[in-house]
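# Fold and contact review
Chain by chain, the residues run as shown.
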Amino acid sequence: MSPHLRQAMTASLAGICLWSLGVAAWASESGPLSKTPGPAPVAAQGEIAAPVPSGSQGPTVLPPGGTSVEDLLLQKGTITMDEWIQIRAEQEYSGAESARRIDAIEDWKTRTELLPMLRDKVNFGLNALQFLYSHQDAHVPEGKSQDNFSIRRSELLFWGRISDTLPRWHALMEFQSINFGRETPTGGSGAATGQPIAATFFRESYIDFRPFQSWAPYMNFIRMGIFRMPFGIFTETSGGLRDIISSPYLTSVGSGNGNRTGSAGSIDFLQERDFFVDVRGKLFNRLEYVAGIMNNNNFHANATGANAPKSFYTRVRLFGSDVSWISFTTIQGESNNANTNINGRGKGAFDRYGLDFRYTSKIIPGFMVQGEWWQGHDGSNQTTVGRPANGACLDQSICGGSGAPGAQRRTWYVLAKYLISDGLFQNWEPTVMYEQFDPSTSMSNDLYTRTILGLTYYFENFPPKVQSKIQFNYEFRHHQGNGPGVAYDTTFDAFAQNAFLVQFQIRFM
Amino acid sequence: MTRHCGSVILVIGLALAACGPTQIFPGAMMDGVETNFDFTAWRTVPNAQTDRKVQLGGRIVQSNREQGAHVIIVTQLPIVEQPAYGPKDIGRRSGEFAVVYPGALDPKWLAPGHRLVVIGTTGQAKAVMVDDVQRSLPSLTARCVHIWRTAGREISDFPHNAGGGYEPLEEETHCAS
């Protein structure tokens, strides 16, 4: 293309563009005039002349601004144009003021919506604040009382949801007291008791991670941290939602030091919390599963750092309805009695098998019954925390001899409750529970049994987030002894004497 | 070898069945139901799309009892499959609609915040009072409703609740006779 031809074409195109702009500008100026004949909309100024309609002046002229009340009044001659203008001016002034306020509110809303608290990223609540009165029939040493007041739990909870990939973070703090844990000395047989160690404030801390959104809910998420064991029902029920005041025997039972029969002393059959990594999901919309690995040394190990033993665990839960189920749980692995924070696990192979069920009636609303049955074998040389042991018993005069076989333990309970939802006794809930713990199935004369009669009144009951209540429990306790041929006195044994407990609780989040 | 093949096929079959879509309403009730109904268009011009069998999900705002039927005001939410089947709040504001359920329901299922999926037939816009304000909302007459008692939370938050414990989510399907 020659330079002359290119210049001519450029000039032509520029001309067309200028002509188009000119036409558009002319159209935009002339357009409104042709579409909106009559006076322009009246603003606050009153100097614009406008026809003043009058009832006696021929046909009615439509006033400007549509058909609002003042327009009709003007149309009917009730108000003058000056008054109409004044009304309109005030309206516009107040409208501008409203717009300004709305803008300010919108601005504030935009700012506050960024707060993590309002985006579900950070939340906090009161998991449970419990004031407990207890009376026990068992005798107590001089200087202690059979009647006690205490703060049972003072737990603050923090949690949030970062995204669909990180659907939950969670931290539970216990402010009731800083417990002191004890560990089993690994050597030095002269040390009869363990070294006191301050536990941490936190009870639970975990992160949920959902790596594949499209796999949920079949493979829903991975949970890692310290949390309530997904074993059975009671262990996984928050302290603020439990139907009875005392913990069941499957968590811990007995007191004092153990012996070689495995029937005596404190026994931690199932610890409530530990370090876990597990995967959770739901199949067929009816079958939930959990499978993971844990330290098997209780959550105190966070302070002591003794994380040697490891166990695999899994639970499958089959739902009969949305709120009724039956589950099977198992734990398989190793236990260790060195640096342990769990009483009576021994050293070696360790297992637990559990069955649990819950039936929540839809025929009788408010009625629920649940039960758990657990059995498991501990490693050999089981010992209580603070007793010298490192595999074998290091001081046989204290622990009763080395080579004690691991005990096979068994426990079960059934609990039923009925929430009265109307009438004079509305919000009252009677509860009954029976449980049994056999420290060693091969030994006689060592059975623990307990029957609990309870009555709960709910001030607020919107579980799982809100539950304020007062609970009255009477416990009929019985303990046969510490095995055959072992001298035993029930006088000071709290597990052999009845107890009465009253607990006032607030839970709000 | 044949036994191994059979086992593999069984496992694959079970896995496929386990991961299949969730069905909350009886199959017969779902015949002819539009599961991808355009709520926005319906909300804009409610009376233009009457007598259509649709499925919608949302969150209960309030409910009233009127002439033997429950009128449930629902904020529309999209129904998702992941992470849990049901209406999910995705953060965007959507509109409300009215569900007329011609039957009896226990009030515990109608508390504000519960999630709901409904199948029913669209009707004329209905005048209702929402928070003491008279509004005209698109309405449908329900054949079946499925309600999750979430009380404002997401369905996927259950059963592992905020307290760190285990709380199964109550859910039920109700069909008008």
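Let me sum up the structure you'll find in this document. (Residues numbered from 1 in each chain as written. Chains lettered and ligands numbered in written order. Predicted model: local features only at pLDDT ≥ 70, side-chain atom pairs only at ≥ 80, totals over all residues.)

### Considerations on the overall build of chain A
Defined as follows: Each helix corresponds to a stretch of at least 4 residues labelled H or I by DSSP, and each strand to a stretch of at least 2 residues labelled E; elements are numbered beginning at the N terminus. Using C-beta atoms placed from the backbone, we call a residue buried if 20 or more other C-beta atoms fall within 10 Å of its own, exposed if 12 or fewer do, and partly exposed for counts in between. The contact criterion used is a C-beta to C-beta distance within 7 Å, with each C-beta placed from the backbone.
From N to C terminus, chain A includes five helices and 20 strands. By residue count, 35% of the 509 residues in chain A fall in the buried class. Long-range pairs, those at least 24 residues apart, make up 60% of the contacts in chain A with a sequence separation of at least 6.

### Considerations on the overall build of chain B
In terms of helices and strands, chain B carries two helices and 10 strands. Helices and strands in chain B line up, N terminus first, as α-α-β-β-β-β-β-β-β-β-β-β. Classification of the 177 residues of chain B by burial places 33% in the buried group. For chain B, contacts bridging at least 24 residues in sequence account for 61% of all contacts bridging at least 6.

### Some words on the pairing of strand β2 (residues 147-160) of chain A
Residues and elements named next belong to chain A. Stated precisely, the cut-off is as follows: A pair of strands is treated as paired once DSSP finds two or more bridges between them.
In this sheet, β2 lies alongside strand β1 (residues 123-136) in antiparallel orientation, the contact comprising 12 bridges. Note on β2: the bridge partner recorded for Y133 is F149. Relative to strand β3 (residues 168-174), β2 is paired through six bridges, and the arrangement is antiparallel. By the bridge assignment for β3, L157 is matched with L172.

### With respect to the pairing of strand β18 (residues 448-462) of chain A
All names here are of chain A. Pairing between strand β17 (residues 428-438) and β18: 10 bridges, direction antiparallel. Counterpart to F437 in the pairing with β18 is Y448. One ladder, built from 14 bridges, connects β18 with strand β19 (residues 466-479); its direction is antiparallel. Within β19, the residue paired with G454 across the bridge is N473. The antiparallel hairpin formed by β18 and β19 contains three residues in its connecting segment.

### Some points on the nonpolar core
Residues and elements named next belong to chain A. Stated formally: Note on definitions: a nonpolar core is a set of buried residues drawn from Ala, Val, Leu, Ile, Met, Phe, Trp, Tyr and Cys, linked by C-beta atoms within 7 Å.
Grouped together as the largest cluster of nonpolar side chains are 31 residues, with contacts concentrated most on L250 and L270. Those elements that place two or more of their residues in this core are β7 (221-228), β8 (273-283), β16 (408-418), β17, β18 and β20 (499-508). Among the elements that make up this core, the one with the highest residue count is β16 (three residues).

### Structural notes on the environment of K121(A)
Residue and element names in this part refer to chain A. Mapping K121 onto the fold places it in the loop between α3 (81-112) and β1. Between the C-alpha atom of K121 and that of I162, which follows or precedes it by 41 residues, the distance is 5.3 Å. For K121, the residues in contact, after removing those within four places along its chain, are P116, G160, R161 and I162.

### Points about the interface of chain B and chain A
Worth spelling out the cut-off: Residues are grouped as follows: nonpolar covers Ala, Val, Leu, Ile, Met, Phe, Trp, Tyr, Cys and Pro; charged covers Asp, Glu, Lys and Arg; every other residue, Gly included, is treated as polar.
At the interface, 21 residues of chain B touch 32 residues of chain A. Breaking the side of chain B that touches chain A down by element, the ones donating at least two residues are α1 (2-18) and β10 (171-175) of chain B. Tallied by class, residues from the side of chain B that touches chain A come to 10 nonpolar, seven polar and four charged.

### Quick word on the environment of L318(A)
Residues and elements named next belong to chain A. Among the secondary structure elements, L318 is positioned in strand β10 (residues 311-319). For L318, a count of 15 C-beta atoms within 10 Å puts it in the partly exposed group. Sequence-wise, L318 and E70 are 248 residues apart; in three dimensions their C-alpha atoms are separated by 70 Å. Each residue touching L318, except ones within four places of it in the same chain, is listed here: R286, L287, W325 and I326.

### Some details on α3(A)
Because an α-helix packs 3.6 residues into every turn, residues spaced three or four apart end up facing the same way. All names here are of chain A. Applicable threshold: Here the expected length of a helix is defined as 1.5 Å per residue gap, with one fewer gap than residues.
Across its 32 residues, α3 extends 46 Å between first and last C-alpha, which sits within 8% of the 46 Å expected from 1.5 Å per residue. Summarising burial for α3: three of the 32 residues are buried, a small minority. Among the residues making up α3, those that are buried are W84, I85 and R88. Close packing links the buried residues of α3 with α2 (69-75).

### Section: unusual backbone geometry
With an omega of 0°, the peptide bond between A216(A) and P217(A) qualifies as cis. Within the fold, P217(A) resides in the loop between β6 (202-209) and β7. Looking along the chain, the bond that leaves F158(B) and enters P159(B) is cis, with omega of 0°. Tracing the backbone shows P159(B) in the loop between β9 (139-148) and β10. If you check the backbone angles, N285(A) has positive phi at about 60° while not being a glycine. Despite not being glycine, A151(B) has its phi angle at roughly 50°, a positive value. Within the fold, A151(B) resides in the loop between β9 and β10. On the basis of neighbour count, A151(B) is assigned to the partly exposed category, with 15 C-beta atoms found within 10 Å.

Take it as geometry only, folks, not as evidence of what the structure does.
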